[in-house]
Amino acid sequence: MLNTLVQALRQAADVNAPFGCCLLFGEERYPYEYLQRGFNRLLKLGHTLEVYDAATVPAAEFLTSIAAASLFAQQKIVHLKNPHVYPKKDQEKLLAWLAEMAAPDSGAGIVTYLFMSSSKLDGRSILVSRLKKMQFPVVKCAKLKPFEVAGHLRERLQAAKVEIDKRVLDSLVHLHEANLILLEQELEKMALYVGPGGRIDQAVVDRLGIDGGGGNVFTFGDALSEGRFVDALLILDILLRARTEALLIIAMIARQFRLLSRAASPENAKASAADLTRSLKVPPFVAKKLVGQARRLSLPAYAEVFKILHDADISIKSSRLPKKIVLENVVLKIAKLR
């Protein structure tokens, strides 16, 4: 997905390339932000970009406007947002214009590349199907898989001449459920800290990571899972002093115990770490820990954990109790389960 966007942006940047068009659709937010960063780079390179929103600019006005030379340059790149709001007849006019631009004898036009983006389009749209037939790149914004996120982050760090411990990267991707926007922001901060030629290891993550303060939600979840409740309370204090959101802590505990309950279920109770890696889709080192942690509680106890977390979630959102008290009660209640 991102590779297709990169190729489209490179073509748009090449003044000698033929006319091109790229459609971005779907609900995953990150590719749209990636596209915007690409536009910022194009502007820094001296390209002219005009942006239109189909929600406010009728199709006829849009086609007339892009046919005129820019005030700043004879050629320009155009971005049309929300083309899904155009009625079918207007979408047909837009497609006819694209066909003219893509014709071999069209010559150099004012518009050198058209990007379209819409989170409301789906694969049944005529824009999607027709652009594919015209062999223009069409990108569906779907959530990247964990290995794709890890690979993308590794490439960005390599470009910054920063190394990262593989296990640390895998842990971060797993902990934050492959949230690329969040992970990019965190790793950018860490890369700035270690500088070119530096290396991001667990010590750097503990010092600067999203959970901050030398302890993180992942470590907190492990302490709860393994029955180390004194450690859990100490780590909780570190997290709260680092201003980690209480709801994030609750969410990540719930995620940890969902994995544990699945590992403890009858179909997985005797599974190996390798089997859990495949069935739960977690990194091998996580599966290895789950094998040991899952045996500590009974299946009814896991159901009770989720009730405790549900009550805590409501209390955090609606009660006047300090969040620290609510979260400490979670630890104490889980400590009583067997």
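Residues numbered from 1 in each chain as written. Predicted model: local features only at pLDDT ≥ 70, side-chain atom pairs only at ≥ 80, totals over all residues. Heavy atoms only, no water.

**Digging into the overall build of the chain**
And step 1. The number of helices and strands found in the chain is 16 helices and seven strands.
And step 2. Principal-axis analysis of the C-alpha atoms gives the chain an extent of 75 × 45 × 45 Å.
And step 3. For the chain, the proportion of its 338 residues judged to be buried stands at 46%.
And step 4. Put simply, of all contacts in the chain between residues at least 6 apart along the chain, 73% involve residues at least 24 apart.
And step 5. Only carbon and sulfur atoms are counted for the fraction: they give 54% of the accessible area of the chain, which is about 17,900 Å².
And step 6. Put simply, the chain has 47 plus and 35 minus side-chain charges, and the middle of one group is 4 Å from the middle of the other. (Helix = DSSP H or I, 4+ residues; strand = E, 2+ residues; numbered from the N terminus. Buried < 20%, exposed > 50% of the residue type's maximum accessible area, 1.4 Å probe, protein only. Contact = heavy atoms within 4.5 Å. Areas by Shrake-Rupley, 256 points an atom, 1.4 Å probe, with all protein chains shown as cover. Lys, Arg positive; Asp, Glu negative; His and termini not counted. Charge placed at Lys NZ, Arg CZ, Asp CG, Glu CD.)

**Some points on the environment of leucine 297**
And step 1. Looking at the secondary structure, you find leucine 297 in the loop between α14 (284-293) and α15 (299-318).
And step 2. Note on leucine 297: relative accessible area 7%, which makes it buried.
And step 3. Taking the C-alpha atoms as reference, leucine 297 lies 8.8 Å from serine 261; in sequence the two are 36 residues apart.
And step 4. Once you skip the residues sitting within four places of it in the chain, leucine 297 turns out to touch Phe257, Tyr302, Val305, Leu337 and Arg338.

**A word on the nonpolar core**
And step 1. In terms of nonpolar packing, the biggest core is built from 45 residues, with Phe220, Leu224, Ile249, Phe257, Leu290 and Ile334 touching the most fellow members.
And step 2. Breaking this core down by element, the ones donating at least two residues are α10 (217-225), α11 (229-241), α12 (246-264), α13 (273-280), α14, α15 and α16 (323-335).
And step 3. Looking at this core, the element that brings in the most residues is α12, giving 11 residues.
And step 4. The contacts of leucine 224, once residues within four sequence positions are left out, are Phe229, Ala232, Ile253, Phe257, Arg296, Val331 and Ile334. (Core = buried A, V, L, I, M, F, W, Y, C linked by side-chain atoms within 4.5 Å.)

**Points about the packing of α10 against α14**
And step 1. Between α10 and α14, the least distance of the axes is 10 Å, while the angle of their chain directions is 25°. By the angle between their directions, the pair α10 and α14 is classed as roughly parallel. The interaxial crossing formed by α10 with α14 has left-handed handedness. Between α10 and α14, the contacting residues are Phe218, Asp222 and Ser225 on the first element and Phe285, Val286, Lys289 and Gln293 on the second.
And step 2. For the contact of α10 with α14, the class distribution of residues is three nonpolar, two polar and two charged. (Axes fitted to C-alpha atoms, helices over the stretch in contact; angles between N-to-C directions. Parallel < 35°, antiparallel > 145°, perpendicular 65-115°, else oblique. Left-handed = near helix turned anticlockwise from the far one by under 90°. Nonpolar A, V, L, I, M, F, W, Y, C, P; charged D, E, K, R; others polar.)

**A short note on the state of the cysteines**
And step 1. Taken as a whole, this structure holds zero disulfides when the rule is applied.
And step 2. The thiol of cysteine 22 is not disulfide-bonded; the next cysteine sulfur, from cysteine 21, is found 7.1 Å away.
And step 3. Classification of cysteine 22 by relative accessible area gives buried; the value is 1%.
And step 4. Cysteine cysteine 141 shares no disulfide, and the gap to the nearest cysteine sulfur, in cysteine 22, comes to 9.1 Å. (Disulfide = S-S within 2.5 Å.)

**Focus: unusual backbone geometry**
And step 1. Its identity as a non-glycine residue notwithstanding, asparagine 82 has a phi of 55°, on the positive side.
And step 2. Note on placement: asparagine 82 falls in the loop between β3 (76-81) and α4 (88-102).
And step 3. Taking the relative accessible area as the measure of exposure, asparagine 82 reaches 21% and is therefore partly exposed.
And step 4. Positive phi values are uncommon outside glycine, yet lysine 161 reaches one of about 60°.
And step 5. With respect to the helices and strands, the residue lysine 161 is situated in the loop between α6 (146-159) and β6 (163-164).

**Re the pattern of salt bridges**
And step 1. A complete count under the given rule lists 17 salt bridges for this structure.
And step 2. Across the pair arginine 199 and glutamate 163 runs a salt bridge, and its minimum N-O distance is 3.2 Å. In this pair, arginine 199 is assigned in strand β7 (residues 199-200) and glutamate 163 in strand β6, connecting sequence segments 36 residues apart.
And step 3. On the basis of relative accessibility, which here comes to 40%, the residue arginine 199 falls in the partly exposed class.
And step 4. Of the charged contacts, one joins aspartate 170 and lysine 166 as a salt bridge, the two residues approaching to 2.8 Å between their closest N and O atoms. Highlighted residues: aspartate 170 and lysine 166, both in helix α7 (residues 166-175), separated by four residues, approximately one helical turn.
And step 5. We classify lysine 166 as exposed; its relative accessible area is 54%.
And step 6. Bridged by salt links that share partners, the residues Arg37, Arg156 and Glu184 form one connected network. (Salt bridge = Lys/Arg side-chain N within 4 Å of Asp/Glu carboxyl O.)

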